[in-house]
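Here are the chains, one letter per residue:
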Amino acid sequence: MIAGGGLFGLVLAEQLATRTAVRVMVVERAHHLGGLCWSRRDPRTGVEYSPYGTHVVATSDDRVWEWITNRVRMVPYQHTVHAAVSDRLVPLPLGLEAIEAAYGRPMSPDEARATVEADAAPYRERPADSVRDLALAQVGERLYETFVRGYVTAQWGADPAQLSPEVFAERFGISYAPSRGYHPDARWQGLPCGSYSTLIDPLADHERIEVHLGRDYLDTPRPRYRRLMVVTTPIDVHFGLQLGPLQRRSLHVDWKLVEADKGQRVPVVTFPDGTSGHYRSHAPALLPWNHGQEPTGEVLVGFEAAGPGPNQIDFVLRTPPNTELAAKYRQLAATGGDVLLVGRGTTFYDDMSTTIGQALTLADRLVPDLT
């Protein structure tokens, strides 16, 4: 039995059903499979979109890419996020274009490095105990004020001076060359042709896979299994918060129709000035799987903001107390006997490539014993 019908659970279910003779039951609390990697077609515009935001496969793992491309045709697509700064769109992560926008003049890479280093130098000797401290020490006050402070405040709903420095370390970096996107070294990037459903739905389409949607595996009566239970859901919830809850933050994506002439020109835009009610917006009509779609008078835009709301996502905060508590829960899970706790529920964040790779590795480990 697999608790959780997200990407990890479905890849594992498909592998066990096709490589052994076992029967697999997938129990999913939501009313759809795929977790955050789910996509659907908007009935008003005909646009395919992911309700939880824009997700792109980026990987250098040969096995992961081979597994994906054996199941669906991928459309090559190099994903770039832009920041709206002073009526212009600046590509991210922080690179030469962002530095020029913040300082208001063109620069060579060497001049950009010297300028930022001089701006950051006064903060280098101070303790880096918060996002604000670490950001100032790494990128200086001008870049912090232009790209970091407002964005982090809107995304996390808190003052950067009160947030753990890991938030900045995980989300921001800086280059003094022109920006090359968030996955510049990935050998492959793309989207499944048509939708994520073309990848997700066939994974459970096997005679020995039984799917239960809209059911929480912790509710009574509990699902019955004979050989093994694999849990991909939150580890602290599985143990009834026995050691205390892991701290989480929530974000949500609110999808609305916007007049076409007021729509954005790129798929994803962030708003680092902190004056918007949201910190990021998504325009899925601009993604390649929607190319050729007849435009209408209105376009679909997803507005991403902190806090609870529609299409809510909860993330475990990567803080020292959370890291320590998660390790204790994993130790507790190690004594589970015929229960394995794996996947995103036991970690802070895994991208699609990592999730698929870990599920394939776990299948390799389980298949000999289940055969």
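What you see is a predicted model, and the numbers here were worked out from it, not measured in a lab.

Draft legend 1. Up close: the overall build of the protein chain. Across its full length, the protein chain carries 10 helices and 17 strands. Taking 371 residues into account, the globule formula puts the C-alpha radius of gyration at 21 Å, and the protein chain, at 22 Å, falls close to it. Taking all 371 residues of the protein chain together, the buried fraction comes to 51%. Sequence separation of at least 24 residues holds for 74% of the intrachain contacts in the protein chain that already meet a minimum separation of 6. On the protein chain, roughly 17800 Å² of surface is accessible, and the fraction owed to carbon and sulfur atoms is 49%. Measuring between centres, the 37 positive side-chain charges of the protein chain sit 4 Å from its 44 negative side-chain charges.

Draft legend 2. Broad picture of the environment of K256. Secondary-structure assignment places K256 in strand β12 (residues 248–259). Considered as a pair, K256 and V299 are 43 residues apart in the sequence and their alpha carbons are 8.2 Å apart.

Draft legend 3. Layout of helix α1 (residues 7–19). A rise of 1.5 Å per residue sets the reference length of α1, with its 13 residues, at 18 Å; its end C-alpha atoms lie 18 Å apart and thus fit the reference within 8%. Of all the 13 residues making up α1, 11 are buried; the element is thus mostly covered by neighbouring parts of the structure. Restricting attention to buried positions, one finds in α1 the residues L7, F8, G9, L10, V11, L12, A13, E14, Q15, L16 and A17.

Draft legend 4. Inspection of the pattern of salt bridges at higher detail. This structure, assessed with the given rule, holds 15 salt bridges. Between R63 and D364 there is a salt bridge, with its nearest N and O atoms 2.7 Å apart. Here D364 lies in helix α10 (residues 352–370) and R63 lies in helix α2 (residues 62–69), a separation of 301 residues in the sequence. A relative accessible area of 31% places D364 in the partly exposed class. With a closest N to O distance of 3.7 Å, R105 and E111 form a salt bridge. For R105, a relative accessible area of 35% corresponds to the partly exposed category.

Draft legend 5. Quick peek at the packing of aromatic side chains. Summed over the entire model, instances satisfying the criterion amount to 7 aromatic pairs. When the centroid spacing of 5.1 Å and the interplanar angle of 10° are considered together, the rings of F168 and F172 count as stacked. The pair formed by F168 and F172 is uniform in burial state, with each residue classed as buried. Ring plane angle 20° and centroid distance 6.0 Å describe the contact between F239 and Y329, whose orientation is recorded as stacked. One end of the pair, F239, is in the loop between α8 (235–238) and β12; the other, Y329, is in helix α9 (residues 320–333), and 90 residues separate them in sequence. On the basis of relative accessible area, Y329 is assigned to the buried category, the value being 0%. The structure contains a cluster of three or more aromatic residues connected by ring pairs, namely Y151, F168, F172 and Y279. The ring of W156 carries the charged tip of R249 above its face, separated from the ring centre by 4.2 Å.

Draft legend 6. How the structure looks around the pairing of strand β15 (residues 298–306). Relative to β15, β12 runs antiparallel, the two sharing 9 bridges. From the neighbouring strand, H252 faces β15, where its bridge partner is A305. Relative to β15, strand β14 (residues 280–282) is paired through 3 bridges, and the arrangement is antiparallel. If you follow H282 over to β15, its bridge partner there is G302.

Draft legend 7. View of the sheet that holds strand β5 (residues 57–59). With respect to topology, 3 strands assemble into an open sheet ordered β5-β9-β6, the strand pairing being antiparallel. The open sheet has two free edges, formed respectively by β5 and β6 (74–76), since each of these has just one partner strand. Going from strand to strand, the sheet's axes swing by 40° on average, the running direction of each strand aside. Bridge count for β6 against strand β9 (residues 188–192) is 3 bridges, and the pairing is antiparallel. When the sheet's bridge partners are listed, M74 is paired in β9 with P192. Packed onto the sheet, α2 meets β5, β6 and β9 and runs at close to 145° relative to β5.

Draft legend 8. Seen up close, unusual backbone geometry. Between L92 and the following residue, P93, the backbone shows a cis peptide bond with an omega angle of 0°. For the bond running from T220 to P221, omega is -5°, close enough to zero to count as cis. With respect to the helices, strands and loops of the structure, P221 is situated in the loop between β10 (209–213) and β11 (229–231). The residue S86 is not glycine, and still its phi comes out positive at about 50°. If you trace the backbone, S86 turns up in the loop between β7 (82–85) and β8 (88–91). For N311, which is not glycine, the phi torsion reads 55° and is therefore positive.

Draft legend 9. Region of the structure containing the state of the cysteines. Evaluation of the coordinates by the stated rule reveals 0 disulfides. With no disulfide partner, C37 has as its closest neighbouring cysteine sulfur the one in C193, 18 Å distant. Look at C37 and you get buried, because its relative accessible area is 10%.

Draft legend 10. Local environment of the side chain of T146. Topologically, T146 is positioned in helix α5 (residues 131–156). A polar contact of 2.8 Å, which involves the side chain of T146, links it to the backbone oxygen of R142. Not counting residues up to four positions away in its chain, the partners in contact with T146 are V85, A102 and P272.

Reading the values: rules and limits
Residues numbered from 1 in each chain as written. Predicted model: local features only at pLDDT ≥ 70, side-chain atom pairs only at ≥ 80, totals over all residues. Heavy atoms only, no water. Helix = DSSP H or I, 4+ residues; strand = E, 2+ residues; numbered from the N terminus. Rg over C-alpha atoms; globule rule 2.2 N^0.38 Å. Buried < 20%, exposed > 50% of the residue type's maximum accessible area, 1.4 Å probe, protein only. Contact = heavy atoms within 4.5 Å. Areas by Shrake-Rupley, 256 points an atom, 1.4 Å probe, with all protein chains shown as cover. Lys, Arg positive; Asp, Glu negative; His and termini not counted. Charge placed at Lys NZ, Arg CZ, Asp CG, Glu CD. Expected span 1.5 Å × (residues − 1). Salt bridge = Lys/Arg side-chain N within 4 Å of Asp/Glu carboxyl O. Phe/Tyr/Trp six-rings, centres within 6.5 Å; stacked < 30°, edge-to-face > 60°. Lys NZ or Arg CZ within 6 Å of the ring centre and 35° of its normal. Pairing = 2+ DSSP bridges. Axes fitted to C-alpha atoms, helices over the stretch in contact; angles between N-to-C directions. Disulfide = S-S within 2.5 Å. Polar contact = N/O pair within 3.5 Å; in protein donor to acceptor, adjacent residues only side chain to side chain.

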